[in-house]
Amino acid sequence: QGKFTLLRDTRTDGSFLVHHFLSFYLRAGCKVCFVALVQSFSHYNIIAQKLGVNLTAAKERGQLVFLEGLKSCLDLLFGEEEEQSGQPSPLQFISESASNLKALFDFVRTSLTPAGSDSWKGPVLLVDDLSVLLSLGATPVAVLDFIHYCRVTVCSQLKGNIVVLVHSNEDSEDEENELVVNSLCHHSDLILWVEGLATGFCKDVHGQIKIIRRVSLELTAEQDHVQIYQYKIQDKNVTFFARGLSAAVL
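Residues numbered from 1 in each chain as written. Predicted model: local features only at pLDDT ≥ 70, side-chain atom pairs only at ≥ 80, totals over all residues. Heavy atoms only, no water.

Novice: Would you explain the sheet that holds strand E7 (residues 207-213) in this entry?
Specialist: Think of a sheet as strands paired side by side through backbone hydrogen bonds, with each pair either parallel or antiparallel. Spatially, nine strands are ordered E3-E2-E4-E5-E1-E6-E7-E8-E9 in an open sheet, and the strand pairing comes out mixed. Lying at the two open borders of the sheet, with one neighbouring strand each, are strand E3 (64-68) and strand E9 (238-241). Geometrically, the sheet is characterised by an average inter-axis angle of 20° between neighbouring strands, direction not taken into account. Relative to strand E5 (residues 161-167), strand E1 (residues 4-10) is paired through six bridges, and the arrangement is parallel. From the neighbouring strand, Thr5 faces E5, where its bridge partner is Val163. Where helix H7 (residues 140-157) meets the sheet, its contacts fall on E1, strand E4 (121-128) and E5, and the angle it forms with E5 comes to roughly 155°. Across the sheet, helix H8 (residues 175-187) is in contact with E1, E5 and strand E6 (190-195); its angle to E1 comes to roughly 140°. (Pairing = 2+ DSSP bridges. Helix = DSSP H or I, 4+ residues; strand = E, 2+ residues; numbered from the N terminus. Axes fitted to C-alpha atoms, helices over the stretch in contact; angles between N-to-C directions. Contact = heavy atoms within 4.5 Å.)

Laid out in structure tokens, this is it:
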């Protein structure tokens, strides 16, 4: 409870971790607010069904609050976005001159604040992926402020968890994105850093994952715990193994 987990990918696609955490928290009975800025609802639902979870049923019973960013952006840009119950669109900053993510934060807070009849376990905020907000025109400061307020509300006040995916490339000239990624790394309790293989494509090893437990955040003299594994993505699961110990080698 109260943990901030950063999913970071470099030279590969780390979205398989988003699907894992989404199905994991829904099966655990948590209330989930999913800010999906990359794919459509049907995409996430198809993959979730392979993992044994029905997102449509979760939405209908009130366990999942799903913000379909692709549809909201189009509606805003083409003027088809209708205010729901007097509330502005969570992504209204796209059509405004000021880069203000307050409407998005209000959406998250309203979605995860428990009602009297709620029997769900701890609330969870899931974002896929935060880098898209920068592409839509939000400033790095606005994005970091949004995450800060979400951490205070979800992690500290509601004793929930936050899981955020960001794309990064150390050779990139996108200074704004690297600023956000580096800032989030300093504040994360757990970092799952997925990287493509430096040697290129391999059908038996799809990449490596670096698990960084931020022990140093607890103000002890210990260094962060780092574990590195390689992985292979299969149709319904992911296989992890120590470096150099894939089935192809053995």
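Novice: Teacher, can you tell me more about the packing of aromatic side chains here?
Specialist: Enumeration according to the criterion identifies nine aromatic pairs in this entry. Seen in terms of ring centroids, Phe16 and Tyr231 are 5.0 Å apart; in terms of plane orientation they differ by 40°. Their pairing is tilted. Here Tyr231 lies in strand E8 (residues 225-233) and Phe16 lies in helix H1 (residues 15-27), a separation of 215 residues in the sequence. Its relative accessible area of 12% is what places Phe16 among the buried residues. Their ring planes at 90° and their centres at 5.4 Å tell us that Phe34 and Phe66 sit as a pair that is edge-to-face. On the criterion of sequence distance, the pair formed by Phe34 in strand E2 (residues 30-36) and Phe66 in strand E3 is long-range, its members being 32 residues apart. The pair formed by Phe34 and Phe66 is uniform in burial state, with each residue classed as buried. Aromatic ring contacts, followed pair by pair, group Phe34, Phe41, Tyr44 and Phe66 into a single cluster. The ring of Trp193 is capped by Arg8, whose NZ or CZ atom sits 3.9 Å from the centre of that ring. (Phe/Tyr/Trp six-rings, centres within 6.5 Å; stacked < 30°, edge-to-face > 60°. Buried < 20%, exposed > 50% of the residue type's maximum accessible area, 1.4 Å probe, protein only. Lys NZ or Arg CZ within 6 Å of the ring centre and 35° of its normal.)

Novice: Hey, could you run me through the pairing of E2 in this one?
Specialist: A regular strand places its side chains so that they alternate between the two faces of the sheet. In terms of residue burial, E2 counts as a mostly covered element, since seven of its seven residues are buried. Neither face of E2 is exposed, since Cys30, Val32, Phe34 and Ala36 on one face and Lys31, Cys33 and Val35 on the opposite face are all buried. Of the strand pairs in this sheet, E2 and E3 are connected by five bridges, and their pairing is parallel. Following the sheet pairing, Val32 is matched in E3 by Leu64.

Novice: Help me understand the environment of Arg27, please; the structure alone is not making it clear to me.
Specialist: Relative to the helices and strands, Arg27 resides in helix H1. Residue Arg27 is classed as exposed on the basis of its relative accessible area, which comes to 53%. Along the chain, Arg27 and Gly52 lie 25 residues apart, while their C-alpha atoms are 8.9 Å from each other. Here Leu51 takes part through its backbone oxygen, which lies 2.6 Å from a polar atom of the side chain of Arg27. (Polar contact = N/O pair within 3.5 Å; in protein donor to acceptor, adjacent residues only side chain to side chain.)

Novice: It is not clear to me how the environment of Ile162 should be interpreted in this structure. Could you clarify?
Specialist: Along the polypeptide, Ile162 turns up in strand E5. The buried category is assigned to Ile162, whose relative accessible area is 0%. Between the C-alpha atoms of Ile162 and Cys33, which are 129 residues apart in sequence, the distance is 9.7 Å. Residues contacting Ile162, with those up to four places away along its chain left out, are Lys3, Phe4, Thr5, Leu125, Cys150, Arg151, Val154 and Cys155.

Novice: I tried to follow a nonpolar patch on the surface on my own but got confused; where do I start?
Specialist: Side chains of Leu74, Leu77 and Phe78 sit close together on the surface and give an oily, nonpolar patch of about 360 Å² of accessible area. Within the secondary structure, Leu74 is located in helix H4 (residues 69-77). (Patch = residues over 30% accessible without salt bridge, like charges linked within 9 Å, V, L, I, M, F, W, Y side chains within 5 Å. Areas by Shrake-Rupley, 256 points an atom, 1.4 Å probe, with all protein chains shown as cover. Salt bridge = Lys/Arg side-chain N within 4 Å of Asp/Glu carboxyl O.)

Novice: Explain the pattern of salt bridges to me, please; I cannot follow it from the model alone.
Specialist: A pair can form between side chains of opposite charge whenever their charged atoms are brought close. Taken as a whole and judged by the stated rule, the model has six salt bridges. Asp106 is the partner of Lys102 in a salt bridge, and the nearest nitrogen-oxygen pair spans 2.9 Å. With Lys102 and Asp106 both in helix H5 (residues 102-112) and four residues apart, the pair spans about one turn of that helix. Among the salt bridges present, the one from Arg109 reaches Asp106, with a minimum N-O distance of 2.9 Å. A residue pair is termed a helical-turn pair when its members lie 3 or 4 positions apart in one helix, as Arg109 and Asp106 do in helix H5 at three residues. You can call Asp106 buried: its relative accessible area is 19%. A cluster of three or more residues bridged by salt bridges with shared partners is formed by Lys102, Asp106 and Arg109.

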